[in-house]
Amino acid sequence: MADQEVTVGVIGGSGLYDMDGLTDVHYIDVDTPFGKPSDSVVVGTLEDTRVAFLPRHGRGHRINPTAIPARANIYALKVLGVKRLVSVSAVGSLKEEFAPLDLVVPDQIIDRTRQRANTFFDEGIVAHIGFAEPFCALASDVIAEAGREVGVTTHYGATMIVMEGPAFSTRAESFMYRSWGAGIIGMTALPEAKLAREAEMCYATMAWITDYDCWHESEEDVTVEIVVQNLLQNVAHSKEMLNKVIPQLGAAEDCACNFALKDAIITDPRGISEETRHKLAPIVGSYLS
């Protein structure tokens, strides 16, 4: 089983630094043109599916949201063969009905980050991916169904705000995001979602609510203590759900996400240098051969 292709990836968020139930486990260090990933990638087998797990903040939570090497993380998973990627994230709620300890599977996203490199195509080649639907519907369906099966309160469909961090929102910002109709707020789904689309991976988020941000009048303002207390409970549910989600995604057929670059590369191939071709070979190689 060790030589079977890895097809499913998991990026663990706050509190999720390892996975249960894996056999034939290997730790792999991947060097990329964009630096080193957040940590070693754990590759193992769950039932008959080879899976790669990467803790987004590094083991021990060493990396703040802005400093996460997202391009290196996605590139490393692409090199290993990942086609479908599950992101596990801790988020704040912007709606009364999205309570702490609930699961939200978002279907839209608003970018409020300011300091992050958000494309592989930053020099020597230009590509414009479609991003109208930022989360893979196939993978999102699988996650939502798994949430219902394990008995957690699951909400399918919400707009996620991705803020820069690492500080939490001001109260004015929190009320502004609510006025936009957003449902949850986090710090890490971007640029991950954009990079995963450029790398032709299905990407979906398992967003676990830890708090009501700071807009809720009858709840305490968000603190690290509240977040940690709730995320520890959410991590247990995450691990149970991943045992259901990973085998299903491993058996899934390709979808439109896996062909996102088909008509997206604008640059004349004759003008793309050998250096750029080599640098992005795992991502664009099939289109420039």
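Structure's up top.
Residues numbered from 1 in each chain as written. Predicted model: local features only at pLDDT ≥ 70, side-chain atom pairs only at ≥ 80, totals over all residues. Heavy atoms only, no water.

Caption draft 1: Up close: the overall build of the protein. The number of helices and strands found in the protein is 7 helices and 11 strands. A compact globule built from 289 residues should have a C-alpha radius of gyration of about 19 Å, and the protein, at 18 Å, falls within 12% of that. Each of the 289 residues in the protein was classed as buried or not, and the buried ones make up 56%. For the protein, the proportion of contacts with a sequence separation of at least 24, taken over those separated by at least 6, is 82%. Of the roughly 12,300 Å² that the protein leaves accessible, carbon and sulfur atoms contribute 50%. (Helix = DSSP H or I, 4+ residues; strand = E, 2+ residues; numbered from the N terminus. Rg over C-alpha atoms; globule rule 2.2 N^0.38 Å. Buried < 20%, exposed > 50% of the residue type's maximum accessible area, 1.4 Å probe, protein only. Contact = heavy atoms within 4.5 Å. Areas by Shrake-Rupley, 256 points an atom, 1.4 Å probe, with all protein chains shown as cover.)

Caption draft 2: Region of the structure containing the environment of Thr-66. Note on placement: Thr-66 falls in the loop between β4 (49-55) and α1 (70-79). With a relative accessible area of 23%, Thr-66 lands in the partly exposed category. Taking C-alpha positions, Thr-66 is 26 Å from Val-43, a pair spaced 23 residues apart along the chain. Not counting residues within four places of it along the chain, the set of residues in contact with Thr-66 comprises Gln-115, Arg-116, Glu-164 and Gly-165. A polar contact of 2.4 Å, which involves the side chain of Thr-66, links it to the side chain of Glu-164. (Polar contact = N/O pair within 3.5 Å; in protein donor to acceptor, adjacent residues only side chain to side chain.)

Caption draft 3: Structural detail: the pairing of strand β5 (residues 84-93). Buried residues dominate β5, accounting for 9 of its 10 residues. In the sheet, strand β1 (residues 8-12) pairs with β5 via 4 bridges, with the strands oriented parallel. Paired with Gly-9 across the strands is Leu-85, a residue of β5. Note that β5 and strand β10 (residues 184-186) share 2 bridges and pair antiparallel. Across the sheet, the residue bridging to Gly-92 is Ile-185, located in β10. (Pairing = 2+ DSSP bridges.)

Caption draft 4: Broad picture of the pattern of salt bridges. Under the counting rule described, the total for this entry stands at 17 salt bridges. The partner of Asp-39 in a salt bridge is Arg-59, with the nearest N and O atoms 3.0 Å apart. Linking Asp-39 in the loop between β2 (23-28) and β3 (41-46) with Arg-59 in the loop between β4 and α1, this pair joins segments that are 20 residues apart in sequence. Residue class for Asp-39 comes out buried when judged on its relative accessible area of 19%. (Salt bridge = Lys/Arg side-chain N within 4 Å of Asp/Glu carboxyl O.)

Caption draft 5: Spatial organisation of helix α2 (residues 137-150). Here α2 spans 20 Å end to end across 14 residues, near enough to the 20 Å set by a 1.5 Å rise per residue. Listed in full, the buried residues belonging to α2 are Ala-139, Ser-140, Val-142, Ile-143, Ala-144, Ala-146, Gly-147 and Val-150. Where α2 terminates, the next one or two residues include Gly-151, which has phi positive at roughly 90°. (Expected span 1.5 Å × (residues − 1).)

Caption draft 6: Summary view of the side chain of Thr-45. Secondary-structure assignment places Thr-45 in strand β3. A polar atom in the side chain of Thr-45 sits 2.8 Å from the side chain of Arg-50.

Caption draft 7: Quick look at the packing of α1 against helix α4 (residues 189-198). One can describe the packing of α1 onto α4 by two numbers: an axis separation of 9 Å at closest approach and a directional angle of 35°. Once α1 is placed against α4, the crossing between them reads as right-handed. Only Pro-191, Glu-192, Leu-195 and Ala-196 of α4 make contact with α1, whose side of the interface consists of Ala-70, Arg-71 and Ile-74. A per-class count over the contact of α1 with α4 returns 5 nonpolar, no polar and 2 charged. (Axes fitted to C-alpha atoms, helices over the stretch in contact; angles between N-to-C directions. Left-handed = near helix turned anticlockwise from the far one by under 90°. Nonpolar A, V, L, I, M, F, W, Y, C, P; charged D, E, K, R; others polar.)

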